[in-house]
Amino acid sequence: MLQAIDLTKRYAEVQALAGFSLEVAAGEIAGLVGHNGAGKTTFVEMVSGLLRPDGGVVLVDGRPPGQSRDRIGVSPQHIALYRSITVREHLRLYGKLAGLRGAALRREIDDLSGALRLTGFLDRPAGLLSGGQQRRAQAATALIHRPTLLLLDEPTAGADPDTRQALLDVVRQRADDGAAVVYTTHYLNELTELRATIAVAAKGRVIARGSSAQLLDGLPGEVRVSAADGPVQVSTNDLTSTLLEVLRTVRRPVDSVELHPPTLDDLYRSLAAADVH
Amino acid sequence: MSTDSLYRTAALVKYNVILRLRDPAQLVSYLVTPMIFMVLFKPLYTKALGGGLVQTVTGQLVMFSVFAMAIVGNAIFVEREWRTWDRLRASRATRAELLIGKALPVFAVLMFQQTVLVVYGCLVVGMPVPRSIGLLALAMAVWGFTLMTMGSALATLVRSRGDLMMASDVGSIAISSIGGALLPVSLMPGWAQAVAPFSPGYWGLGMIRSAVEGRTADTLRPALVCLGIALVAGTFASYRLARGWGRSRLV
């Protein structure tokens, strides 16, 4: 569905993208993670057709983004809503721009506002909504026409748990329905919940790509044991064997045992640190 | 234009109309203030000038229609400030549809303002009814189009809302007063008379005054100058709007 090959982009003295490549298949959620300035937003803007790459190619369903806008749904990083316009009017506008009309448009608005828990705020101007409600409304404008490629740039930034859960449920559902999703975030646990594949970006390119299981394979976890002679903390690739070894050596009684498998946060930190060095 | 394109353009026009209707303060200000000034300045102009009634009405009309450039500027600027323009650019709407959707409602606002002031001028101030309504409508349309393009170009250049207000206030006073909206150019100092033709207000006022008096030839020449200004400003504004602002740090 999405093919981005060797993209480059330079803003004055900043190399925003330096050979950024990413492919996302239909039905796949690609979680794009990376430090601020890693190139995530520039990449999203490029796939949206808002920026032209200095080099490289972007194809959405085999066509350049400019010719595929009806298939793309974008929720930008910053809130981009008209403050004096209601949520319903926003959804009507973006629905109509995508070609929805009449009963089909009304049905999509009803379905989406229910799924994103916006029903009670549909007729409230966006400027009067809370931050979480604005986040959901903005995501709804990206989802209203059931795009086959969803670009969600930090859609849950600053959102409360309810907002986050509502968004995650809808995004997962859309992927199950066949949409390809690019989901940038700093909240790595969301990607686990979304069952997303991971792309780690740094310095304008993707430095690691795969499923979370593939990427976590080989990363050390941690064994923590609290015993009578004090706490023991061991970093290891084999949690079970290490735990047994620790239990053989510590003095009884043991107060607690904790096994920490490697997480996406560990992966992210290790890749980012490796890239810095 | 295809049916789909018309449908999208209509949707864009509709929401821009809603935006204008929900923020009417500037328009109200630029309607009421010239109405007050017309009544106050009427005795002065009628005693000082032959044909003072036409100067009373058209001078204030031109001055406050230039002020209304701020409405155009604001309409563009909020898209920058609220980051909505790029969101629209990422939609299926084409550049032309976005520009038409944005332009038509503000053009309608400018035409509405001029129409109300002319009607007020005839009914309350006592300006003679224009001999050719069609000619006057043409002149107002050309002037409205010129202002719309100038306001749009201005909005794509400024760095903040404060800049926009400053530029539109100072620019409006300069354009309209040097153009003869307050004092006829023939009564100005020599240097101001020399500078006047460089002001769009000079051509706008000449065009509208001639149209009110039914002088077709004298209306068309300034109309061509105004259209030339509109072409330059409109091309610049369209270029800037079509490209968007990206990650511009201007706002």
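Since the structure is predicted, the reported quantities are computational estimates derived from the model, not experimental observations. (Residues numbered from 1 in each chain as written. Chains lettered and ligands numbered in written order. Predicted model: local features only at pLDDT ≥ 70, side-chain atom pairs only at ≥ 80, totals over all residues.)

Enquirer: What exactly am I supposed to notice about the overall build of chain A here?
Expert: Across its full length, chain A holds nine helices and twelve strands. In terms of its C-alpha atoms, chain A occupies a principal-axis envelope of roughly 75 × 45 × 35 Å. For chain A, the residues scored as buried account for 45% of the 277 residues in total. A separation threshold of at least 6 residues defines the contact pool for chain A, and within that pool the share at least 24 residues apart is 66%. (Helix = DSSP H or I, 4+ residues; strand = E, 2+ residues; numbered from the N terminus. Buried ≥ 20, exposed ≤ 12 C-beta atoms within 10 Å, placed from the backbone. Contact = placed C-beta atoms within 7 Å.)

Enquirer: Explain the sheet that holds strand 8 (residues 197-202) of chain A to me, please; I cannot follow it from the model alone.
Expert: Neighbouring strands of a sheet are bound in pairs by backbone hydrogen bonds; such pairs are parallel or else antiparallel. Residue and element names in this part refer to chain A. As summarised here, the arrangement of the six strands in space is 5-6-7-3-8-9, forming an open sheet in which the pairing is mixed. Since the sheet does not close on itself, it has two edges, and those belong to strand 5 (72-75) and strand 9 (205-210), each with one partner. The average angle at which neighbouring strand axes cross in this sheet is 15 degrees, direction not considered. In terms of strand pairing, strand 3 (residues 29-34) meets strand 8 through five bridges, oriented parallel. Bridge pairing in strand 8 places Gly-31 opposite Ile-198. Taken strand by strand, helix 5 (residues 161-176) contacts strand 3, strand 6 (149-153) and strand 7 (180-184), and its axis lies near 150 degrees from that of strand 7. (Pairing = 2+ DSSP bridges. Axes fitted to C-alpha atoms, helices over the stretch in contact; angles between N-to-C directions.)

Enquirer: Where do I start with the interface of chain B and chain A in this structure?
Expert: Taken together, the contacts link 21 residues of chain B with 22 residues of chain A. With seven residues, the single largest contributor to the side of chain B that touches chain A is helix 1 (residues 3-21) of chain B.

Enquirer: I'm lost on the confidence of the model for chain B in this one. Help?
Expert: Reading fine detail from the predicted coordinates is not recommended where pLDDT is low. Residue and element names in this part refer to chain B. Taken as a whole, chain B shows an average pLDDT of 89; of its residues, 96% reach a score of 70 or greater. Mean pLDDT across the elements of chain B ranges from a minimum in helix 4 (residues 69-81), with 86, to a maximum in helix 10 (residues 200-212), with 95. Among the prediction metrics, the complex's ipTM stands at 0.81, with pTM recorded as 0.83. (pLDDT = per-residue confidence, 0-100.)

Enquirer: Please clarify how helix 11 (residues 216-243) of chain B should be interpreted in this entry.
Expert: Since the α-helix packs 3.6 residues into each turn, any two residues three or four apart lie on the same face. All names here are of chain B. With 28 residues, helix 11 extends 39 Å from end C-alpha to end C-alpha; this agrees with the ideal 40 Å at 1.5 Å per step. For helix 11, every residue scored as buried is listed here: Thr-219, Pro-222, Ala-223, Cys-226, Ala-230, Ala-233, Gly-234, Ala-237 and Leu-241. Buried residues along helix 11 sit against helix 6 (95-125), helix 7 (133-157) and helix 10. Residue Gly-244 follows helix 11 closely and has a positive phi angle near 75 degrees. (Expected span 1.5 Å × (residues − 1).)

Enquirer: I would appreciate a short explanation of the pairing of strand 10 (residues 221-227) of chain A in the present structure.
Expert: Residue and element names in this part refer to chain A. Summarising the sheet, strand 10 and strand 11 (residues 230-236) pair through seven bridges and their orientation is antiparallel. Residue pairing in the sheet places Arg-224 in a bridge with Gln-233 of strand 11. Hairpin remark: strand 10 followed by strand 11, antiparallel, with two residues in the connecting loop. Examined bridge by bridge, strand 10 and strand 12 (residues 254-260) share six bridges and lie antiparallel to one another. Across the sheet, Arg-224 pairs through a bridge with Glu-258, a residue of strand 12.

Enquirer: What is the right way to read the sheet that holds strand 1 (residues 2-11) of chain A from this model?
Expert: Residues and elements named next belong to chain A. What the three strands build is an open sheet, ordered 2-1-4; its pairing is antiparallel. Two strands in the sheet have a free side with no partner beyond their single neighbour: strand 2 (14-24) and strand 4 (55-60). The sheet shows a mean angle of 20 degrees between the axes of neighbouring strands, direction not considered. Contacting strand 1, strand 2 and strand 4, helix 1 (residues 40-47) runs over the sheet at an angle of about 120 degrees to strand 1.

Enquirer: So what exactly am I meant to see when it comes to the nonpolar core here?
Expert: The tendency in soluble globular proteins is for nonpolar side chains to be buried as a group. Grouped together as the largest cluster of nonpolar side chains are 87 residues, with contacts concentrated most on Ala-30, Val-47, Val-181, Val-182 and Tyr-183 of chain A. Discounting residues that sit within four places of it in the chain, Val-47 of chain A has contacts with Leu-2, Ala-4, Val-58, Val-60, Pro-65, Leu-151 and Val-182 of chain A. By size, the runner-up hydrophobic cluster in this structure holds 61 residues, among which are Ile-100, Met-150, Ile-208 and Ala-223 of chain B. (Core = buried A, V, L, I, M, F, W, Y, C linked by C-beta atoms within 7 Å.)

Enquirer: Is there a simple way to explain the domain arrangement of chain A in this structure?
Expert: When the parts of a complex come together, some accessible area is lost, and that lost area is often used as the size of the interface. As assigned here, chain A comprises domain 1 (2-215) and domain 2 (220-261). Taking only C-alpha atoms into account, the centre of domain 1 of chain A sits 42 Å from that of domain 2 of chain A. (Domains from an automatic or database assignment.)

Enquirer: Would you explain the packing of helix 6 of chain B against helix 7 of chain B in this entry?
Expert: All names here are of chain B. Where helix 6 meets helix 7, the axes come as close as 9 Å, and the angle between the chain directions of the two elements is 135 degrees. The angle between helix 6 and helix 7 falls in the class oblique. Judged by the twist between their axes, the crossing of helix 6 over helix 7 is right-handed. Together, Ala-103, Val-106, Phe-107, Leu-110, Met-111, Gln-114 and Val-118 of helix 6 and Leu-136, Met-140, Ala-141, Gly-144, Phe-145, Leu-147 and Met-148 of helix 7 make up the contact between the two elements. Split by residue class, the contact of helix 6 with helix 7 holds twelve nonpolar, two polar and no charged. (Parallel < 35°, antiparallel > 145°, perpendicular 65-115°, else oblique. Left-handed = near helix turned anticlockwise from the far one by under 90°. Nonpolar A, V, L, I, M, F, W, Y, C, P; charged D, E, K, R; others polar.)

Enquirer: What am I meant to see in the UniProt feature "domain: ABC transporter" (unreviewed entry) in chain A here?
Expert: Taking the numbering used here, the UniProt-annotated feature "domain: ABC transporter" (unreviewed entry) corresponds to residues 2-228 of chain A. Summarising residues 2-228 of chain A: 33% helix, 29% strand, and an end-to-end C-alpha distance of 56 Å. (UniProt positions renumbered as here; feature names shortened; annotations may be inferred.)

Enquirer: Would you explain unusual backbone geometry in this entry?
Expert: Generally, phi is negative for residues other than glycine and the peptide bonds are trans, each holding for most cases. Despite not being glycine, Lys-203 of chain A has its phi angle at roughly 50 degrees, a positive value. Mapped onto the elements of the fold, Lys-203 of chain A is located in the loop between strand 8 and strand 9. Although it is not a glycine, Arg-83 of chain B adopts a positive phi angle of roughly 60 degrees. Within the secondary structure layout, Arg-83 of chain B lies in the loop between helix 4 and helix 5 (84-89).

Enquirer: How do you make sense of the environment of Lys-102 of chain B when you look at a structure like this?
Expert: All names here are of chain B. Within the fold, Lys-102 resides in helix 6. With 24 C-beta atoms counted inside 10 Å, the residue Lys-102 sits in the buried group. Separated by 61 residues in the primary sequence, Lys-102 and Asp-163 have C-alpha atoms spaced 21 Å apart. Sequence-distant contacts of Lys-102, defined by excluding residues within four places in its chain, comprise Asn-16 and Ala-75.

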